[in-house]
Amino acid sequence: MKLFLGTRLVEEADASVSPFDRGFTLGDGLFETLRIKGGRVLRVEAHLARLAAGAGVLGIPLPALDLGAALAQTAEANGLSEGVLRLTLTRGPGPRGVLPPAEPKPTLVITAAPLSPPLPPARLVIAQGTRRNDRSPLAHVKSLNYLDGILARQEAARRDADDAVILNTRDGVAETSIANLFAVIDGALVTSPLSEGVLPGIMRAEVLLAVGATERPLTVDDIAAADEILLTSALGIRSVATLEGRPLLSTAAADRLRALIEGA
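In this text, all values refer to a predicted model and were calculated from it rather than measured experimentally. (Residues numbered from 1 in each chain as written. Predicted model: local features only at pLDDT ≥ 70, side-chain atom pairs only at ≥ 80, totals over all residues. Heavy atoms only, no water.)

Asks: A description of the pattern of salt bridges should follow, citing residues and the corresponding values.
Replies: Under the defined criterion, the tally for this structure stands at 15 salt bridges. Its salt-bridge partner being Asp134, residue Arg170 comes within 2.9 Å of it at the nearest N-O pair. Within this pair, whereas Arg170 is found in the loop between β8 (163–168) and β9 (173–176), its partner Asp134 is found in the loop between β7 (122–132) and α4 (147–158), the two being separated by 36 residues in sequence. (Salt bridge = Lys/Arg side-chain N within 4 Å of Asp/Glu carboxyl O. Helix = DSSP H or I, 4+ residues; strand = E, 2+ residues; numbered from the N terminus.)

Printed below as a string of structure tokens:
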């Protein structure tokens, strides 16, 4: 595999990152996951806009290069017609301590992988062991510190589920460990607003634009009574089969959105 490191493409065997990089030592950085379809990297502008917003929150300077071109070069160099790119940006190496260096030298890495086969409808549970801090500015940043999601996903695995719905500090529905969540309630497609600690997902924005879904705070009781639940991420739209063991038989909204958005 070839990857983009710093300012150029390199072979995987020749790539190295400093052990003092703050992305490794402190999770001080950001990432974006992008889909390649038909040889084209999808929604590049939206992903780079979110990256820039997150970098602004963290105070990490963006590299002085064309990131869109770097993404396209990485996809082409790996011969991927259908695949996934991951762009990782860290603050770069730094001395011991939490305070960042006055003049950071960010590390940029772009890796590529084939697209996995479509996943079956997900079995969800409500996470009991972790909460999303809806009051933190990091709730809206796709940071390298993914430990809340990891804990929730581990809990889901222990409970024989595929993913877990993470609640916020007020017990409202935020999202799952890896995706935004939409529910069909009384015939309307609904999702929690960003103020509930929701990551501003790129596919989430596409769905809101395409069908005008309603944004309002959701409770556990709301989604427990939903006719359908679906999950959105940069890699696609996934139906939900069960929530806490309760079957959700409808996939109509997810099927319609896949045809409308993914099929475009």
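Asks: So, the side chain of Asp28: which residues are in play, and what are the values?
Replies: For Asp28, the location among the structural elements is in the loop between α1 (22–26) and β3 (29–37). The class for Asp28 is buried, based on a relative accessible area of 9%. At a separation of 2.7 Å, a polar atom in the side chain of Asp28 contacts the side chain of Arg22. With sequence-adjacent residues up to four places away left out, Asp28 is seen in contact with Arg22, Gly23, Ile60, Thr90, Arg91 and Leu144. (Buried < 20%, exposed > 50% of the residue type's maximum accessible area, 1.4 Å probe, protein only. Polar contact = N/O pair within 3.5 Å; in protein donor to acceptor, adjacent residues only side chain to side chain. Contact = heavy atoms within 4.5 Å.)

Asks: A description of helix α3 (residues 67–77) should follow, citing residues and the corresponding values.
Replies: Considered for burial, the residues of α3 that qualify are Leu67, Ala70, Leu71, Thr74 and Ala75. Within α3, the buried residues cover an arc of 135° as seen down the axis, which keeps them to one side. Phi for Gly79, located one or two positions after α3, is positive at around 60°. (Arc of directions from axis to C-beta.)

Asks: Help me get a handle on unusual backbone geometry, residues and values and all.
Replies: Although it is not a glycine, Arg43 sits at a positive phi angle of roughly 55°. Here Arg43 lies in the loop between β4 (40–41) and α2 (44–58). Backbone geometry at Glu244 places phi at a positive 50°, although glycine is not the residue there. Position of Glu244 relative to the elements: it lies in the loop between β14 (236–243) and β15 (246–247). A relative accessible area of 40% places Glu244 in the partly exposed class.

Asks: Which residues make up the packing of α2 against α3, and what are the values?
Replies: Between α2 and α3, the shortest axis-to-axis distance is 10 Å and the interhelical angle comes to 125°. By the angle between their axes, α2 is oblique relative to α3. Regarding α2 and α3, the two cross each other, and that crossing is right-handed. Contacts between α2 and α3 involve Val44, Leu48 and Leu51 from the former and Leu67, Gly68 and Leu71 from the latter. Broken down by class, the residue content of the contact of α2 with α3 amounts to five nonpolar, one polar and no charged. (Axes fitted to C-alpha atoms, helices over the stretch in contact; angles between N-to-C directions. Parallel < 35°, antiparallel > 145°, perpendicular 65-115°, else oblique. Left-handed = near helix turned anticlockwise from the far one by under 90°. Nonpolar A, V, L, I, M, F, W, Y, C, P; charged D, E, K, R; others polar.)

Asks: Pulling in residues and values, what's your account of helix α5 (residues 202–211)?
Replies: Within the span of α5, buried status applies to Ile202, Met203, Arg204, Val207 and Leu208. Of the residues one or two after α5, Gly212 is the one with positive phi, at around 65°.

Asks: Describe the packing of aromatic side chains, with residues and values.
Replies: Applying the stated criterion to the full structure yields one aromatic pair. Where Phe31 meets Tyr146, the ring centres are 5.6 Å apart and the plane angle is 70°; that geometry is what we call edge-to-face. Note that Phe31 is positioned in strand β3 and Tyr146 in the loop between β7 and α4, a separation of 115 residues in sequence. Over the ring of Phe31 we find Arg86; its NZ or CZ atom is 4.2 Å from the centre of that ring. (Phe/Tyr/Trp six-rings, centres within 6.5 Å; stacked < 30°, edge-to-face > 60°. Lys NZ or Arg CZ within 6 Å of the ring centre and 35° of its normal.)

Asks: Account for the pairing of β9, naming residues and giving values.
Replies: Note that β8 and β9 share three bridges and pair antiparallel. Paired with Val165 across the bridge in β9 is Thr176. Where β8 folds back onto β9 in an antiparallel hairpin, the turn is made up of four residues, including Asp171, whose phi is positive at roughly 65°. (Pairing = 2+ DSSP bridges.)

Asks: An account of the pairing of strand β5 (residues 83–90) is requested, with residue identities and associated values reported.
Replies: Regular strands have side chains that alternate between both faces of the sheet. Across the eight residues that make up β5, a large majority, seven, are buried. Alignment of β5 against strand β6 (residues 107–114), held across eight bridges, turns out to be antiparallel. Bridge pairing in β6 links Leu87 to Ile110.

Asks: Go over the nonpolar core with me, naming the residues and quoting the values.
Replies: Counting 21 residues, the largest nonpolar core has Val41, Leu71, Leu85, Leu87, Leu108 and Ile110 as the members making the most contacts within it. Among the secondary structure elements, those contributing two or more residues to this core are β3, α2, α3, β5 and β6. With four residues, the top contributor of residues to this core is α3. Residues contacting Leu108, with those up to four places away along its chain left out, are Phe4, Leu5, Gly6, Pro63, Leu65, Leu67, Leu87, Thr88 and Leu89. Of all hydrophobic cores here, the second largest spans 19 residues; its members include Leu181, Leu218, Ile229 and Leu248. (Core = buried A, V, L, I, M, F, W, Y, C linked by side-chain atoms within 4.5 Å.)

Treat this as a map of the structure, not an account of what it does.
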